[in-house]
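For reference, the chains in residue letters:
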Amino acid sequence: MSGRPVVELGCQVRFGGRTWRVAALADGQVRLVTEDGEVAAVLMSLVFADAGFEVLDAPGVPRVPPLGLLESLSEAVRERALAWERHVREVETGRPGGSGAAGPPRAEYDPQTRTLAQREEAKAVELSAAGMPTSAVTVRRMRARHRQDGVWGLVDHRATRPRSVLGRADERVVAALREVLEAGRERSNGTLGRLRVYTERLLAEQYGDGVVPLPPSATFNRLVHAVADGRGLLDSARQRRWRSARPAPPFVPTTVMAPGELVMMDSTMLDAFVVLDDGVVERPELTIALDVATRTICAAMLRAKGIRSVDAAQLLAQMMVPAPMRPGWAEALAMEHSVVPYERLLSVDARLEGAAARPVITPQTIVVDQGNVFVSSSFIAACESLGISVQPAPPGNGPAKGHVERTFSSINTLFVQHVAAYTASHTGERGKDAEGEAVWTLAQLAEMFQEWIICGWQEREHDGLRHPMMPRCALSPNEMWAALIAVCGYVPVPLGREDYIELMPLKRHLIPRAYGALVFTARSSERQVCREPDPISKGGRFSPHRRSREARCLLLGPRMGRSLLADQPREQLDDLRLVTVHHD
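Residues numbered from 1 in each chain as written. Predicted model: local features only at pLDDT ≥ 70, side-chain atom pairs only at ≥ 80, totals over all residues. Heavy atoms only, no water.

### Quick notes on the nonpolar core
And step 1. Counting residues in each nonpolar core, the largest one holds 35 residues, and the members touching the most others are Met265, Leu316, Met319, Ile366 and Phe379.
And step 2. Contributing elements (two or more residues each) for this core: β6 (263-269), β10 (296-303), α10 (309-320), α11 (342-348), β11 (365-368), α12 (377-385) and α15 (477-488).
And step 3. Counting residues per element, this core draws most heavily on α10, which supplies 7 residues.
And step 4. In this structure, Met265 is in contact with Thr287, Ile288, Ala289, Ala312, Leu315, Leu316, Ile366, Val367, Val368, Asp369, Phe374 and Phe379, ignoring residues within four places of it in sequence.
And step 5. Listed in part, the 33 residues of the second largest apolar core include Met264, Ala300, Val367 and Val404. (Core = buried A, V, L, I, M, F, W, Y, C linked by side-chain atoms within 4.5 Å. Buried < 20%, exposed > 50% of the residue type's maximum accessible area, 1.4 Å probe, protein only. Helix = DSSP H or I, 4+ residues; strand = E, 2+ residues; numbered from the N terminus. Contact = heavy atoms within 4.5 Å.)

Below you can see the structure in the form of structure tokens.
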């Protein structure tokens, strides 16, 4: 170990133009001996004041003892090393605490009356009498180790040797076992007996029959666990696939510094049953968009099983517009009552008036999986029209979008498990009649979930959100958004009528001769959502845009259309427009 050179017993110094070896240190004096046997006793102050004084071969002394390494040892090994340090100091200085310790030295270790060899012999006799057989050579060797490495040199290094969990197993057996385990990552689970058969067969192919014997079954089973447990090779097939999808270390964690810089979008089946419009009870599908920088659930959508590209495109619009306050919500959920700087933002974006306390985030990059919905041409086109970059994750690689996967788990524990007809994460934990407990419709559960996002998620502290000036304080998503927009700024991106229309999917319908197309929506507030139909195109096909599950586009004949209009309520008749397509 490096450090400043010191004058100690046995070191060589240059003094008075000659080379000396230090033989003794006592009472401010140093006894020097030359190679030809000349002895000199000189005051240390005179030695240090000499212009040519130099320490030639003294080992460096560590400035800081390796306390961390000592703490990693067992108590017995550590106490033995510290005891040897006291013995070495007593041999060299006469006092166990070193030359600066108080009290007179013991007679057998007094440097004034006993030589160094005599003190080493006395220490060997003392330790042997105490039950620790020791020779003078051992004492001398321990002194040399102490000079070189300090107290760490006195440690019994048999206790510091790395031990292999494989013991003394044959390396050829270990290599064959690892090859068999790696080859079985994608296979169904089997027993340890099958592993033994496959390993024996592989060894026979590589080295010949009987050349490399396998250990007994109990020893082989322990060897299997020693090789596989730390790498998950004996886990379930699902867990093995998950581990194989993880990126190879070392890898850099995802770091984002601005809202919308990285948004992750994914879907999962909700662990709860709902009642659909036709009375069927089934689990809905939840799709969310999560902003990584603030952990904000920017948008969420509950649909019956089978999400479509139009639903994913609508999530884009939800993220970029303020969430409106809904009837029945408490005033405390409004943005003006939250921690965000509402007044300043309202002066920039008038759409925030009366909005709920959910951040408005314009995504720059969206990470999606390889689902057909997220790689469809309509979703990619919608992202391109809004200037959003789409980054598909590798197939089957959950860790590539780990933030949204972890958010699904949090939603399950914080919200879904408190909903009636909760199904648990797998059938082994499901109740006897979970379907019979379903009482909420899909629309009702979606409404409750949107309210929970505002009051249960956006205001909840998240351990992964830390302000640089307050690293010990966990922030909520709304607090993190407020802190980041103070640095990054807030630029509203309002969507126009044509933007909403282009986010809807395009579907072509064949219009028979003398038939017309009826385009209407049930809510007058969405009157402008449906586009006027284009003129008949090549092949007699009509291309309206329609809003999934809300706006309806019907192809009706002239008489049939009039009969259906008679059954509609008066408030819906104002929204109905009959568009007739004529053929030559």
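After that view of the structure, there is still more to cover.
### Quick word on the side chain of Ser267
And step 1. Here Ser267 is to be found in strand β6.
And step 2. Within the structure, the side chain of Ser267 is placed 2.7 Å from the side chain of Thr287, a separation counted as a polar contact.
And step 3. With near-sequence residues (within four places) excluded, Ser267 lies in contact with Glu285, Leu286, Thr287, Ile307, Phe374 and Phe408. (Polar contact = N/O pair within 3.5 Å; in protein donor to acceptor, adjacent residues only side chain to side chain.)

### Quick look at the pairing of strand β14 (residues 470-475)
And step 1. Bridge count between strand β13 (residues 462-467) and β14: 3 bridges; the pairing is antiparallel. Across the sheet, His462 pairs through a bridge with Leu475, a residue of β14.
And step 2. From the end of β13 to the start of β14, which pair antiparallel, there are 2 residues. (Pairing = 2+ DSSP bridges.)

### Notes on a negative patch on the surface
And step 1. Residues Glu331, Glu336, Glu343 and Glu353 make up a contiguous surface patch of negative charge.
And step 2. Summarising the element assignment, Glu336 is placed in the loop between α10 and α11. (Patch = residues over 30% accessible without salt bridge, like charges linked within 9 Å, V, L, I, M, F, W, Y side chains within 5 Å. Areas by Shrake-Rupley, 256 points an atom, 1.4 Å probe, with all protein chains shown as cover. Salt bridge = Lys/Arg side-chain N within 4 Å of Asp/Glu carboxyl O. Lys, Arg positive; Asp, Glu negative; His and termini not counted. Charge placed at Lys NZ, Arg CZ, Asp CG, Glu CD.)

### A look at the pattern of salt bridges
And step 1. Across all of its chains, the model carries 19 salt bridges by this definition.
And step 2. A salt bridge links Lys401 to Asp266, with the nearest nitrogen and oxygen atoms 2.8 Å apart. Separated by 135 residues along the polypeptide, Lys401 in the loop between β12 (389-392) and α13 (402-414) and Asp266 in strand β6 bring together distant segments of the chain. This pair shows no difference in class: Lys401 is buried, exactly as Asp266 is.
And step 3. Salt bridges sharing common partners tie together Glu90, Arg106, Glu108, Lys123 and Glu126.

### Description of the packing of α10 against α12
And step 1. Here α10 crosses α12 at 15 degrees, and the two axes come no closer than 8 Å. Relative to α12, α10 is oriented roughly parallel. Handedness of the crossing formed by α10 with α12: right-handed. Where α10 approaches α12, its residues Ser309, Ala312, Ala313 and Leu316 are matched on the opposing element by Ser378, Phe379, Ala382 and Cys383.
And step 2. When grouped by side-chain class, the residues that make up the contact of α10 with α12 number 6 nonpolar, 2 polar and no charged. (Axes fitted to C-alpha atoms, helices over the stretch in contact; angles between N-to-C directions. Parallel < 35°, antiparallel > 145°, perpendicular 65-115°, else oblique. Left-handed = near helix turned anticlockwise from the far one by under 90°. Nonpolar A, V, L, I, M, F, W, Y, C, P; charged D, E, K, R; others polar.)

### What to know about the packing of aromatic side chains
The geometry of an aromatic ring pair is captured by the separation of the ring centres together with the interplanar angle, meaning the angle of the planes.
And step 1. If you walk through the whole model with that rule in mind, you get 7 aromatic pairs.
And step 2. Summarising the aromatic geometry, the rings of Phe374 and Phe379 are spaced 5.9 Å apart at their centres and angled 80 degrees between planes, so their arrangement reads as edge-to-face. The pair Phe374 / Phe379 is uniform in exposure class, with both members buried.
And step 3. Ring geometry for Trp452 versus Trp457: centroids 6.1 Å apart, planes at 45 degrees, classification tilted. (Phe/Tyr/Trp six-rings, centres within 6.5 Å; stacked < 30°, edge-to-face > 60°.)

### Observations concerning the sheet that holds strand β2 (residues 18-26)
Strand pairing in a sheet takes place through backbone hydrogen bonds and is either antiparallel or parallel in direction.
And step 1. In spatial order, the strands read β4-β3-β2-β1-β5; together these 5 strands make up an open sheet with antiparallel pairing. Because the sheet does not close on itself, it has two edges, and the strands there are β4 (39-43) and β5 (54-55).
And step 2. Sheet topology places strand β1 (residues 12-15) next to β5; 2 bridges connect them, and they run antiparallel. For Val13, the partnering residue across the bridge sits in β5 and is Val55.

### Concerning the sheet that holds β6
And step 1. Reading across the sheet, the 5 strands line up as β10-β9-β6-β11-β12 and stay open at both edges, with mixed pairing between neighbours. The open sheet has two free edges, formed respectively by β10 and β12, since each of these has just one partner strand. Adjacent strand axes in the sheet meet at a mean angle of 20 degrees when their direction is disregarded.
And step 2. Two strands pair when backbone bridges link them, and β6 and β11 are joined in this way by 2 bridges, in the parallel orientation. Bridge assignment links Met264 to a residue of β11, and that residue is Val367.

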